[in-house]
Every structure is written in structure tokens, then in C-alpha cells.
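Remarks on the overall topology
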Amino acid sequence: MRDHHSPHREHGDGRDGFEKRPGPGRERGGRGPRVFAPGDLKLLLLALIAEQPCHGYDLIRQIESMFDGAYSPSPGVIYPTLTFLEESEMILGDAEGGKKRYSITDAGRLSLSEQAIALDGVRMRIEVSKRSLRGHDRPAEIHEAVHNLRHALQMHHGRWSPEEILRVRDLLNNTAKAIVDGPAVQPTSEKAE
């Protein structure tokens, strides 16, 4: 996602239409996009646990599936929220087998029923966020290619020589420019007169 509101944006030389961004980790302020409004995640986790008792990892995968893989909540967000729900006596965590399996309590069911309209709003916002994160109508093949690119960059971690930085930067900028420029113009056959 681009940060269109950054006051620190520097513009490139204008030849390629792309902007130069501030240093590493600054594209989105070093963080991913905000997907949930305050309270949304708590309500969603409560609803998912009400449907079927599960582990924290299962909840992460379920939410990732809701976003068609375009977003995956971090364990650093999920587990503190589960701890809050457990301390609020909305869910119970059974640590049998070394991993906690969460189930909803009667207080959790009551809270969920009282917030049915709010839960509908959460699910609606997920659909809107999913389209935004996936690039609206981006074909699945393009989405997969973007995923592969992100994965390749993550696997490259720690091996950034100055030459490699320039090489990868140029590859990415040239690819982006080629996408913006559109398909190559095919020469039209001249009409025989």
C-alpha cells in the first residue's frame, strides 16, 4: 500500500513518474496497513472461537483466509488479544498438550449476542479491506506474483551489498515503469493499397 499522505515524500526527477521514498522501513511508517478498527479484532476472535474452539495459530490462519491471503495478523497482535479475552472471562484457554485451545464462555456468548450488529459491521469492513489490500480487482495470478516478490525480498534479508541494492532497485523500478507504460505496442500491418 502506498502512503499517499506522507508529508516527507520526495519526488523523483519526473522522468519515470515514480517517487523516491525515504529510507528503509518508511513506506508505511515501518508498519503494515491498519486493518481493524478498535475493538474489531476482539469481537472477531470471540465470534471465531464461538464457531469452533481452536488454537491461536488456527485463528491467525482463519483470518488470513478471510482476507484471501492478502493480510495475516501477527502473533504479536493475536495472543495479547486472546489474553485480554481470557482475563475478561469471555474465553477459556485449555493448555492441554502444551498449546492453548480456546473456547467461548457463557459470558462470551452473551457479549457476542449483544454485539451482533457490530459483528456484521466488522465482517463488512473485512470485505472492504480485503478488496483494498488485494488491489481491488487484481487477478489472482498477479496477486500471487506480488506475493512471490515479497517473499523473495524477505529471503534476501541481510545480503544487501551496495551493488545488490542498486541492482534490485533498478529491477523493481524498471518493472514498475513497464507496468505503468502498459503493453508493448504491436506494429500494425499496413494496408495494401
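First things first, this report covers the structure right here in the doc. Model, not experiment: these values are computed from the prediction.

The rules we used
Residues numbered from 1 in each chain as written. Predicted model: local features only at pLDDT ≥ 70, side-chain atom pairs only at ≥ 80, totals over all residues. Heavy atoms only, no water. Axes fitted to C-alpha atoms, helices over the stretch in contact; angles between N-to-C directions. Helix = DSSP H or I, 4+ residues; strand = E, 2+ residues; numbered from the N terminus. Parallel < 35°, antiparallel > 145°, perpendicular 65-115°, else oblique. Contact = heavy atoms within 4.5 Å. Nonpolar A, V, L, I, M, F, W, Y, C, P; charged D, E, K, R; others polar. Salt bridge = Lys/Arg side-chain N within 4 Å of Asp/Glu carboxyl O. Buried < 20%, exposed > 50% of the residue type's maximum accessible area, 1.4 Å probe, protein only. Pairing = 2+ DSSP bridges. Left-handed = near helix turned anticlockwise from the far one by under 90°. Patch = residues over 30% accessible without salt bridge, like charges linked within 9 Å, V, L, I, M, F, W, Y side chains within 5 Å. Areas by Shrake-Rupley, 256 points an atom, 1.4 Å probe, with all protein chains shown as cover.

Where helix 1 (residues 40–51) meets helix 3 (residues 75–87), the axes come as close as 10 Å, and the angle between the chain directions of the two elements is 75°. The angle between the axes of helix 1 and helix 3 places the two elements in the roughly perpendicular class. For the pair formed by helix 1 and helix 3, the contact residues are Leu-41, Lys-42, Leu-45, Leu-46 and Ile-49 on the first element and Val-77, Ile-78, Thr-81, Leu-82, Phe-84 and Leu-85 on the second. Broken down by class, the residue content of the contact of helix 1 with helix 3 amounts to 9 nonpolar, 1 polar and 1 charged.

To continue, consider the pattern of salt bridges. Applying the stated criterion across every chain yields a total of 6 salt bridges. With its nearest N and O atoms 3.3 Å apart, the salt bridge here joins Glu-51 to Arg-123. Residue Glu-51 is located in helix 1, and its partner Arg-123 is located in helix 5 (residues 116–133); the two are separated by 72 residues in the primary sequence. According to the relative accessible area criterion, Glu-51 is exposed, its value standing at 56%. A salt bridge links Lys-100 to Glu-86; the shortest N-O distance between them is 2.9 Å. Placement of the pair is Lys-100 in the loop between strand 2 (91–94) and strand 3 (101–104) and Glu-86 in helix 3, with a sequence separation of 14 residues.

What follows concerns the pairing of strand 3. Of the two faces of strand 3, the one lined by Tyr-102 and Ile-104 is fully buried and the one lined by Arg-101 and Ser-103 carries no buried residue. Sheet topology places strand 1 (residues 54–55) next to strand 3; 2 bridges connect them, and they run antiparallel. Within strand 3, the position partnered with Cys-54 by the bridge is Tyr-102. Where strand 2 and strand 3 come together, 4 bridges link them in antiparallel fashion. Residue pairing for strand 3: Gly-93 is matched across the bridge by Tyr-102. From the end of strand 2 to the start of strand 3, which pair antiparallel, there are 6 residues, and Gly-97 there has a positive phi angle of about 80°.

Moving on, we come to the packing of helix 1 against helix 4 (residues 106–114). One way to put it is that helix 1 packs onto helix 4 with a least axis distance of 10 Å and a crossing angle of 120°. Between helix 1 and helix 4, the interaxial angle falls into the category oblique. Our pair here, helix 1 against helix 4, has a crossing hand that is left-handed. In this structure, helix 1 uses Leu-43, Leu-46, Ala-47 and Ala-50 to contact helix 4, whose residues at the interface are Gly-108, Ser-111 and Leu-112. Its residues assigned to classes, the contact of helix 1 with helix 4 comprises 5 nonpolar, 2 polar and no charged.

On the surface, a cluster of nonpolar side chains totalling about 480 Å² of accessible area is made up of Leu-149, Leu-153, Trp-160, Ile-165, Leu-171 and Leu-172. If you list the elements that add at least two residues to the nonpolar patch, you get helix 6 (140–155) and helix 7 (162–181). Of the residues forming the nonpolar patch, the biggest block, 3 residues, is contributed by helix 7. With respect to the secondary-structure elements, Ile-165 resides in helix 7. For Ile-165, a relative accessible area of 42% gives the class partly exposed.

Geometric descriptors of this kind do not, in isolation, establish any biological role.
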